[in-house]
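Structural description and commentary
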Amino acid sequence: MSAAEEFTGNVQGAMTDGFHLVIEALKLNGIDTIYGVAGIPITDLLRLAQAEGIRYFGFRHEQSAGNAAAIAGFLTQHPGICMTVSAPGFLNGLVALANATTNCFPMVLISGSSDRAIVDLEQGDYEEMDQLAVARPHCKAAYRVNRPQDIGIGVARAIRAALSGRPGGVYLDLTAEVLGSALDAETGRKSLIKVVDPAPPQPPAQQAVKRALELLGKAERPLAIIGKGAAYARAEAEIRQFLETTGMPFLPMSMAKGLLPDDHPQSAAAARSYAIGNADVVLVAGARLNWLLSHGRAPLWNPNARLVQVDIASTEFDSNRAVAAPVAGDIKSAFAAFNAALKPGQIKRQAAWADEIGKRKQQNIERMAARLNADPSPMNFSSALRAARNALATQPDVYIVNEGANTLDFGRNIIDMDKPRHRLDSGTWGVMGIGMGYAVGAAAVTGKPVVAIEGDSAFGFSGMELETICRYDLPVTTVVFNNNGVYRGDPEGRPYSPTGLLRDARYEKLIEAFGGRGYHCTDTPSLTAALSEALASKKPALINAVIDPTAGTESGHIQSLNPKSAAAQKK
Ligand code: ADP
Ligand code: TZD
């Protein structure tokens, strides 16, 4: 008899075990969903979870399970839970854990591990690895439970560490021995901990609020940059009130799109370089001054601009350039404090600045319209995204997942977002492989339709999860932007280059193998029609959108990050 069969329902007698204690500890802390891949030593743990009413999503690869958990964490402010087997399964999941930590998403990777006595002497156990040591540098915190009476504390610490302060990924190591260990049921019950208030409001100091508002009050060309930390914090109402009261132009970072709608008159997105380059005071909220913001430095930035930064992690201030007015605290409380402390007229709408941004926006929008309205054959990135946008225009509830290089860069600019936290993408690392995992996670926790807009290379990293999507009958439509390569395809008749992928691959047939609906689209009307039909069906679908293989540019919009040979330059 398996542990799950043996122990389903009430624990027999006066004894419990590690399997039950883990599930009870998770349930006590409001965990209702687990993402994972089964195997030794966690198979019975997963069976028991399901028997005890926890939803379980089984994946084809742990990285996708981890990505689903991570995005669930971002969308719910509750840690997503991923469970894996030892060594290789754990390592597969670790990429997702590291990515979650890098993006400040709360998740917990729980992996079963081999016999400690054998692992520590390197005696060659099945799937042997010192997982705790391997995990530690790649996550916010890592813990191991060695005794069944410590499971409650282990789970509580993991949840609190994932959620508190700057959210992140936590590793929890459960040895096979601990899972199977018996414990007196009453002692076990008492050992469980319900975490109280893991992410309490952290209002900033009044002095910090005053300093920030005074600096912004002196600005002639103020600009707000809103990042995904603000999206995670669900601070849209407070931020909107502040921006609309002050008339300040704003730029959303990619995953903060929709916090205020993209068509908001104060959005400076269509005049991004002008706005960043000319602002004299920049309010950065829930965004790091990393590569995505050119480290806050010239030539994109005005070197004389002064910065206000709101972040829950004080170590972020002065990380790349001086921050004149740091505001340490949670974003929701910080903007509530700004709104409360703002004196009437203290920060005025700067009409000349707003008008100049408006003019530049108009020019850029007109320039882009020419590209968007062109309808070349075969399709290019702009025309295919325009076709997708037409189908999405009436569907503001749809969650968009987006990865690739050109597909990502064009997608970010062309697909407008109307609602917060509805755009999920490659994020801080620019990582490929999040696509299907994020799609499953988003569909699982929101119950809403998801459209994953994927470069053909990007799709390949997690493509087998189409089976997962079909197995759970999720309303996920995957649109593969198929230009036969990483960035673009190889010229006809040449051997495959390092960036080449199979010419004219029929990706839509993959989903047909699992009972989903496949579409092969070579023009914009059929792409719009297919996406509309797929969304209306609320069923798994894949659209193979055939793009001109010459359309992409190397590395999308970040070609400048490719190293150049110094030797070649000296010639
Ligand atoms: P983006 O990629 O959108 O620019 P980043 O991931 O670089 O955003 O930055 C997110 C920032 O938000 C991190 O520095 C993180 O510490 C911060 N953050 C996350 N949650 C909160 C919160 N509740 N309040 C304040 N800051 C937060
Ligand atoms: N591996 C991982 C995990 N992440 C990465 N970012 C890369 C490799 C390198 N890489 C990019 O930065 S974009 C990309 C790769 C492989 C794929 C680009 O091709 P695509 O998209 O077909 O997905 P476009 O739209 O055709 O450019």
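Structural data are supplied above this passage.
Keep in mind that what you see is a predicted model, and the values were worked out from it rather than measured. Chains are numbered independently. Their residues run from 1 in the order of the written sequence. Labels are handed out in written order, letters beginning with A for the chains and numbers beginning with 1 for the ligands. It should be noted that, the model being predicted, local features are given only for residues of pLDDT at least 70 and side-chain atom pairs only at 80 or more, the latter also being counted only at that level, while totals for whole chains, interfaces and linings use all residues. By convention in this description, side-chain values take in all heavy atoms of the structure and omit both hydrogens and water.

**A few points about the overall build of the chain**
A run of DSSP states H or I qualifies as a helix once it reaches four residues; a run of E qualifies as a strand once it reaches two. Both are numbered from the N-terminal end. Each helix and strand counted, the chain has 24 helices and 19 strands in total. Atoms counted for the radius of gyration: C-alpha only. Globule rule: 2.2 Å times the number of residues to the power 0.38. In summary, the chain has a C-alpha radius of gyration of 25 Å against a globular reference of 25 Å for 571 residues, a match within 12%. Three exposure classes are used, based on accessible area relative to the maximum for each residue type with a 1.4 Å probe and protein chains only: buried under 20%, partly exposed in between, and exposed over 50%. Out of the 571 residues belonging to the chain, those deemed buried represent 57%. In the structure as shown, the chain presents an accessible area of about 23,200 Å², 53% of it carried by carbon and sulfur atoms. With residues, only the protein chains shown are counted as cover, and all accessible areas are computed by Shrake-Rupley using a 1.4 Å probe.

**A closer look at helix H11 (residues 206-218)**
How far a helix is expected to stretch is found by multiplying one less than its residue total by 1.5 Å. Here H11 contains 13 residues, and its C-alpha end-to-end distance of 19 Å stays within 8% of the 18 Å for a straight helix at 1.5 Å per residue. Taken together, the buried positions of H11 are Ala-208, Val-209, Ala-212, Leu-213, Leu-215 and Leu-216. When H11 is viewed along its axis, its buried side chains cluster within an angular range of 160° and face the same direction. Turned more than 90 degrees from where H11 packs its buried face, Gln-206, Gln-207 and Lys-218 sit exposed. Buried-residue contacts for H11 involve helix H13 (236-246), strand S11 (281-285), strand S12 (306-311), strand S13 (325-328) and helix H15 (331-341). This arc is taken over the directions from the axis of the helix to the C-beta atoms. Contacts are assigned to residue pairs that have any heavy atoms within 4.5 Å of one another.

**Examining the sheet that holds strand S16 (residues 450-455)**
Here a strand pair is declared whenever DSSP counts at least two bridges between the two strands. Read across the sheet, six strands follow the order S15-S14-S16-S17-S19-S18 without closing on themselves; strand pairing throughout is parallel. Lying at the two open borders of the sheet, with one neighbouring strand each, are strand S15 (423-425) and strand S18 (517-521). In this sheet, neighbouring strand axes are inclined to one another by 15° on average, regardless of whether the strands run parallel or antiparallel. Pairing of S18 with strand S19 (residues 541-546) involves five bridges; the strand directions are parallel. Only the stretch in contact is used when fitting a helix axis, every axis being a line fitted to C-alpha atoms; angles between N-to-C directions are given from 0 to 180 degrees.

**Some remarks on the site of ligand 1**
Residues are classed as near a molecule or strand on a simple rule: at least one heavy atom within 4 Å of it. Inspection of the region around ligand 1 gives 20 residues, with Arg-166, Lys-228, Arg-288, Asp-311 and Ile-331 positioned closest. Separating an oxygen atom of ligand 1 from a side-chain N or O atom of Asp-311 is a distance of 2.6 Å. In the analysis that follows, any N or O atom pair within 3.5 Å is treated as a polar contact, provided that within protein one partner can donate a hydrogen and the other can accept it, and provided that, for residues neighboring in sequence, both atoms belong to side chains. Between ligand 1 and the protein, one listed contact pairs a nitrogen atom with a backbone N or O atom of Ile-331 at 3.0 Å. Compared with its free state, where it exposes 590 Å², ligand 1 has 96% of that area covered by protein. It is helix H12 (residues 228-232) that contributes the most residues to the shell around ligand 1, three residues altogether.

**Let's talk about the packing of aromatic side chains**
By convention, a stacked pair of Phe, Tyr or Trp rings (six-membered ring in the case of Trp) has centres within 6.5 Å and planes under 30 degrees apart, an edge-to-face pair has planes over 60 apart, and any other such pair is tilted. Within the structure shown, the criterion is met by twelve aromatic pairs. Taking the centre distance of 5.0 Å and the plane angle of 45° together, the rings of Phe-74 and Phe-105 count as tilted. Taken together, the residues Phe-74 in helix H4 (residues 62-76) and Phe-105 in the loop between helix H5 (87-103) and strand S5 (107-113) connect sequence positions 31 residues apart. Accessibility classification places Phe-74 together with Phe-105 in one group, the buried group. Considering the side-chain rings of Phe-381 and Phe-410, the 5.7 Å spacing of their centres and the 10° angle between planes classify their relative orientation as stacked. Of this pair, Phe-381 sits in helix H17 (residues 381-392) while Phe-410 sits in helix H18 (residues 406-414); the two residues are 29 residues apart in sequence, bridging distant segments of the chain.

**Looking at the site of ligand 2**
In the vicinity of ligand 2 there are 17 residues, among which Asn-406, Thr-407, Gly-430, Asp-456 and Ala-458 approach most closely. Asp-456 is positioned with one of its side-chain polar atoms (N or O) 2.6 Å from an oxygen atom of ligand 2. Between ligand 2 and the protein, one listed contact pairs an oxygen atom with a backbone N or O atom of Tyr-487 at 3.1 Å. For ligand 2, whose accessible area on its own is 600 Å², the fraction buried by protein is 75%. Residues were grouped as follows: Ala, Val, Leu, Ile, Met, Phe, Trp, Tyr, Cys and Pro as nonpolar; Asp, Glu, Lys and Arg as charged; and all remaining residues, including Gly, as polar. Looking at the shell around ligand 2 residue by residue, the classes come out as eight nonpolar, eight polar and one charged.

**Regarding the pairing of strand S3 (residues 55-58)**
Judged from the four bridges that link them, strand S2 (residues 33-36) and S3 form a sheet pairing that is parallel. For Thr-33, the partnering residue across the bridge sits in S3 and is Arg-55. Note on handedness: a clockwise path from strand one over the helix to strand two, with the strands aimed away from the viewer, defines a right-handed crossover. The parallel pair S2 and S3 is bridged by helix H3 (residues 43-51), and the resulting crossover is right-handed.

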